[in-house]
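Spelled out, the chains give:
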Amino acid sequence: MKFDNNIPYKIYLTENEMPKSWYNVRADMKTKPAPLLNPATGKPCTFEDLQPVFCDELVRQELNNDDREIPIPQEIRDFYKMYRPSPLVRAYCLEEKLGTPAKIYYKFEGNNTSGSHKLNSAIAQAYYAKMQGLKGVTTETGAGQWGTALSMACSYFGLDCKVFMVKCSYEQKPFRREVMRTYGAAVTPSPSETTNVGRAILKEHPGTSGSLGCAISEAVEEAVSHPGYRYVLGSVLNQVLLHQSVIGLETKAALDKYGITPDIIIGCAGGGSNLGGLISPFMGEKLRGEKNYQIIAVEPASCPSLTRGVFAYDFCDTGHVCPLAKMYTLGSDFIPSPNHAGGLRYHGMSAILSELYDEGLMEARSVEQTKVFEAAEEFARVEGILPAPESSHAIRAAIDEALKCKETGEKKTIVFGLTGTGYFDMVAYQKFHDGEMSDYVPTDAELQESFKKLPKIAGQK
Ligand SMILES: *Cc1c(COP(=O)(O)O)cnc(C)c1O
């Protein structure tokens, strides 16, 4: 018998059971994530340093290492109700297909039009911009998921939204671009002629197809040079992990409802927001010495910041206009090979996750993209959902762990984050089906070259 009548196929919370506060894992960390540094002074960024770039309340959240619970404002909770709670699904069909004694659950964040978890933070950031009386926000987008989520959130609150979209995605993903424009956003291919930093990059690298780091620089410049605008970022920052804790809180509440304790928790890691959000409450228990879990970050072999990067202060963007962050990084000049999981192509990793990983509280592994798409297809064929390439990194690791259980006979409970759907990634699926997908992995020499360009700051070679 495939289904267990005691555990529903999908565990949903009621509206009343949805989290009323975000959980700030920093409060339980003995060693706090290293502070952002002001590149001009080399000193930790203060509220005043960050305020010209980010919304006031978001700066407070960014700098708040102490408050364990931060109430979710009613307007945001109301918006969450439009597409949350998201289901925690028992992958009965995948378990059967694999013939594993493991129990597999996934938290599915793709049930909204933007198609990913990014809306959880987009709505929060748009809300605080609106409360501050701002006209609008600027941002960058790579694959387009963040830009789409932010466009939806801005249209909900009547805010202006300017998106710098990495040029190769702008050209290759016209549909994502049009979704953003449908929600009223202005979308500019980056690098562009509309900013100083864009013009400088174009002069130095004519014909470049752009990068996330470069689009960030343009979006920041656009915000600070227009009164009434602020810049917002969809991953990496502490505040984004805070908002994404709604994923982990719901997951934990759903598991608790049925007395289920996971052994392994898995998530894909680009800038670290979905993984950080998913694991936060579990990591909190681990940090407080209450429980132990095996936690696994999965990243692409083509952009392996945790598994092969260095833990050092680095620039968050190519144009070096942003503060410095201490993180596992491949170097801000590192341009990953054109992997199809656009959302995982960032050179750095959240400072929170970097610190937790450095302390050995979580593991990381990297996987090659053809193996990722094999897992994506296997999953889609039995579970029905067409997964995003990013999310499929987590599927790969979950399947691998379930297969290990098949060998050992262990009945482990595996929970993974299924961050989104892959409808806009069909060119990638096509390449996979046609056998045209390659697995480029950077050499040590290439990475060393990139590490040489890390900023020279006190105490860092
Ligand atoms: C952006 C994105 C990711 C990666 O970003 P994180 O900040 O690491 O979570 C993963 N999956 C999907 C579907 C995305 O859109």
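Refer to the structure printed above.
These lines cover the structure that appears in this document, whether it is placed above or below. (Residues numbered from 1 in each chain as written. Predicted model: local features only at pLDDT ≥ 70, side-chain atom pairs only at ≥ 80, totals over all residues. Heavy atoms only, no water.)

Glancing now at the site of the ligand. Lining the immediate surroundings of the ligand are 19 residues, of which Lys118, Ser235, Gly270, Ser273 and Thr419 lie closest. Within the side chain of Ser235, one N or O atom sits 2.5 Å away from an oxygen atom of the ligand. Between the ligand and the protein, one listed contact pairs an oxygen atom with a side-chain N or O atom of Ser273 at 2.7 Å. Here the ligand loses 98% of its free accessible area of 380 Å² to cover by the protein chains. Counting residues per element, the ones that place at least two in the shell around the ligand are helix 12 (273-287) and helix 16 (389-408). Each residue belonging to the shell around the ligand can be placed in one class, and the counts come to four nonpolar, 13 polar and two charged. (Near = heavy atom within 4 Å. Polar contact = N/O pair within 3.5 Å; in protein donor to acceptor, adjacent residues only side chain to side chain. Areas by Shrake-Rupley, 256 points an atom, 1.4 Å probe, with all protein chains shown as cover. Helix = DSSP H or I, 4+ residues; strand = E, 2+ residues; numbered from the N terminus. Nonpolar A, V, L, I, M, F, W, Y, C, P; charged D, E, K, R; others polar.)

As a further point, take the packing of helix 2 (residues 56-63) against helix 11 (residues 238-257). Two numbers describe how helix 2 lies on helix 11: the axes approach to 8 Å, and their chain directions differ by 90 degrees. Viewed along their axes, helix 2 and helix 11 adopt a mutual orientation that is roughly perpendicular. Of the residues in helix 11, those in contact with Leu58, Gln61 and Glu62 of helix 2 are Asn238, Gln239, Leu242 and His243. Counted by class, the contact of helix 2 with helix 11 contains two nonpolar, four polar and one charged residues. (Axes fitted to C-alpha atoms, helices over the stretch in contact; angles between N-to-C directions. Parallel < 35°, antiparallel > 145°, perpendicular 65-115°, else oblique. Contact = heavy atoms within 4.5 Å.)

This part is about the layout of surface pockets. If you add up the space inside the largest pocket, you get close to 890 Å³. Forming the walls of the largest pocket are 38 residues, and the residues nearest its centre are Val166, Cys168, Gly210, Ser211 and Arg345. Those elements that provide at least two residues to the lining of the largest pocket are helix 7 (167-172), helix 9 (196-204), helix 10 (212-224) and helix 17 (426-433). Among the elements that line the lining of the largest pocket, the one with the most residues is helix 9, at four residues. (1 Å grid on protein atoms, 1.4 Å probe; cavity = no way out; pocket = protein on both sides within 12 Å on 5 of 7 lines; lining within 4 Å. Points joined across faces, edges and corners; volume = space filled by probe spheres on them.)

Along the polypeptide, Phe311 turns up in strand 12 (residues 310-315). Spatially, the C-alpha atoms of Phe311 and Asp358 are 8.0 Å apart, while their sequence positions differ by 47 residues. Leaving out residues up to four positions away in the same chain, Phe311 has contacts with Lys326, Met327, Tyr328, Ser354, Glu355 and Asp358.

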